[in-house]
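# Structure assessment
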Amino acid sequence: MKKVILFYLIFCILGTVGFSENMRILVTTFVNNSSEEYGWLGFGIEASLIADIVCIRDIEVISTQDRKKAIDELAYQLSGLVDSEKVLRVGKMLGANVILSGEYTMIGQEIRLTARLSLVEKGVVISSIKLDGNIHSIFEMQDEIVIKLLSGIKKNEAKGLKAVKFTNKEIQAIKKRNSNLNTFEYMAKGLELTATVPQEFLDIEQLIFKYINKERAKAGLSPYLYNHKLAALGRYHSMNMQVYNFFDLTDQNGMNPRGRKLMLAPELFGTVGQVIAWTYGGNADEVAKKFVSEWIKSDLKGELLSKVYNYVGVGIFRGDSDRYRYYCTVVPADLMVELVSSIPKTINYGADLELTFKFIGTFKKDQVGIVVRFPDRGARFYQSDGSYFEGYGVYSPEKWNGEFFTIKIKCENGRGAYVIQPARGDQFYTFGVTFIAQ
């Protein structure tokens, strides 16, 4: 009998330890306690925290897209709940066990950030932090939030969750991401606009997409696929044209379509074009038809009916003055791959960098490759047959998981900038992303 009892006690103890689960975190947009002009900052903080947490092994992050979808689906049935209750309900729906939330206050250039981790099941706070600093230190503050929040979890309150232990490599990955304030603000404002798009704009955008593909069908061309990141690029440019009162492919910052793509969506590999127009109101269908019919009558017809592009995004913005003038930006693109991994700003010379991509091209998967241009123009990259490239290498996917594939770069071909570009067979694209080996 004693042996049975002893076995039972051992089983209970082992069972309790064995059932510690990894964190599955839902990151919410930080609440703005400042004036409306700083509303964009909350979206930027959310995106940065997600990018940091993704670097940590054994922690899963709920995607922003899944969160928005869940909130939309539950909007009606949760209408009687306060915001904190809604977040917990959404967290449960998505299978999260921890919520990361917070708020910020901006006064001039000074910022106060407050963040907390809460258990979804109980709603109790298991870790919190408050930071004061300058807007120019926002990146260091965001990194500190992630590291200190996850390191300072109260063990008694977080029973059942596996403790987070950072490796040096994970901390370096968090701290080495790109930290340009202008880029950050530009990206965050684009996220803010995308998150607050009125349904009217979305309706017009989808109708324009529908009518563009009708015109392509008449011309015997394959239909465009829709890309939401291209749509976000379009919305941002349309908003800028209305707000800053200009009508041009080059925006108020002197950036052309290619520059905006590199700034706001560098993870999309491929060339982009752009078509713009403005018109006055009517219902959604009338506005959409006006835009497309005018483009088809103009010199821009060739851009919409191009055989080169495979994706498109449509972005609408309308001001409350000027008799409801609508601006529209269409962003067609020839997309091949999307970079899923985050790229560090710098990496140690000689280190390995493994990158994951998603294949989104409309050609055969066995044609896709990644070109890496080396700082040492004389460095040789040997192929399996003994042939070699000089000054760059063409990396084939090492392993596939559905539409995702990885490559591994050995950063030993010179100190300096390594440029990553997509390839389709022997066709190399000239625009990509860069990191520094030092």
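Residues numbered from 1 in each chain as written. Predicted model: local features only at pLDDT ≥ 70, side-chain atom pairs only at ≥ 80, totals over all residues. Heavy atoms only, no water.

Counting its regular elements, the protein contains twelve helices and 22 strands. Expressed as a percentage of its 438 residues, the buried residues of the protein come to 47%. Residue pairs at least 24 apart in sequence account for 66% of intrachain contacts in the protein once pairs closer than 6 positions are excluded. (Helix = DSSP H or I, 4+ residues; strand = E, 2+ residues; numbered from the N terminus. Buried < 20%, exposed > 50% of the residue type's maximum accessible area, 1.4 Å probe, protein only. Contact = heavy atoms within 4.5 Å.)

Right, let's talk about the nonpolar core for a bit. With 44 residues, the main nonpolar core has Met23, Ile25, Leu41, Leu100, Tyr104, Leu113 and Leu150 as its most contacted residues. Per-element tally for this core: the top contributor is helix 5 (residues 138-151), with eight residues. Setting aside residues up to four positions removed in sequence, isoleucine 25 forms contacts with Ile53, Ile59, Glu60, Val61, Ile62, Val98, Leu100 and Leu150. The next biggest cluster of nonpolar side chains, apart from the first, holds 42 residues, and it includes Ile204, Leu264, Phe291 and Leu335. (Core = buried A, V, L, I, M, F, W, Y, C linked by side-chain atoms within 4.5 Å.)

Further remarks concern the pairing of strand 9 (residues 275-279). Burial runs high along strand 9: four of the five residues are buried. For strand 9 and strand 11 (residues 326-339), the ladder comprises five bridges, and the chain directions are antiparallel. Each residue of the ladder has a partner; that of threonine 279, found in strand 11, is tyrosine 326. (Pairing = 2+ DSSP bridges.)

What follows covers the side chain of threonine 329. Among the structural elements, threonine 329 can be located in strand 11. Looking at threonine 329, its side chain comes within polar contact range of the side chain of serine 238, at 2.8 Å. Residues within four places of threonine 329 in sequence aside, it is in contact with Gly234, His237, Ser238, Met241, Gln274, Val275, Ile276, Gly313, Val314 and Gly315. (Polar contact = N/O pair within 3.5 Å; in protein donor to acceptor, adjacent residues only side chain to side chain.)

Running from N to C, helix 2 (residues 39-53) and helix 5 point in directions that differ by 50°, and their axes come no closer than 10 Å. Overall, the two elements helix 2 and helix 5 adopt an arrangement that is oblique. By crossing handedness, the relation of helix 2 to helix 5 is classed as right-handed. Where helix 2 approaches helix 5, its residues Gly44, Ile45, Ser48, Leu49, Asp52 and Ile53 are matched on the opposing element by Gln142, Asp143, Ile145 and Val146. (Axes fitted to C-alpha atoms, helices over the stretch in contact; angles between N-to-C directions. Parallel < 35°, antiparallel > 145°, perpendicular 65-115°, else oblique. Left-handed = near helix turned anticlockwise from the far one by under 90°.)

For the rest of this paragraph, the subject is the pairing of strand 17 (residues 392-395). Residues Tyr392 and Val394 of strand 17 are buried on one face, and the alternating residues Gly393 and Tyr395, pointing to the opposite face, are buried as well. Looking at chain direction, strand 14 (residues 368-373) and strand 17 are connected through four bridges and run antiparallel. Its bridge partner being in strand 17, valine 371 is matched across the sheet by valine 394.

To continue, consider the packing of aromatic side chains. For the structure shown, the criterion picks out 16 aromatic pairs. Aromatic side chains phenylalanine 269 and phenylalanine 357 sit 5.9 Å apart centroid to centroid with 80° between the ring planes, which places their arrangement in the edge-to-face category. Placement of phenylalanine 269 in strand 8 (residues 268-272) and of phenylalanine 357 in strand 13 (residues 352-359) is noted, with a sequence separation of 88 residues between them. One exposure class covers both phenylalanine 269 and phenylalanine 357, and it is buried. Site record: aromatic cluster; members linked through ring pairs are Phe269, Phe357, Phe359, Phe363, Trp400 and Phe405. Lying across the ring of tryptophan 400, lysine 365 places its NZ or CZ 4.4 Å from the centre. (Phe/Tyr/Trp six-rings, centres within 6.5 Å; stacked < 30°, edge-to-face > 60°. Lys NZ or Arg CZ within 6 Å of the ring centre and 35° of its normal.)

With 14 residues, helix 11 (residues 284-297) should cover 20 Å at 1.5 Å per step; its first-to-last C-alpha distance of 20 Å lies within 8% of that length. Looking only at helix 11, the buried set comprises Val287, Ala288, Phe291, Val292, Trp295 and Ile296. All buried residues of helix 11 fall inside an arc of 160° around its axis, so they share one side. For helix 11, the N-terminal cap is asparagine 283; the gap from its side-chain oxygen to the backbone nitrogen of aspartate 285 is 3.1 Å. (Expected span 1.5 Å × (residues − 1). Arc of directions from axis to C-beta.)

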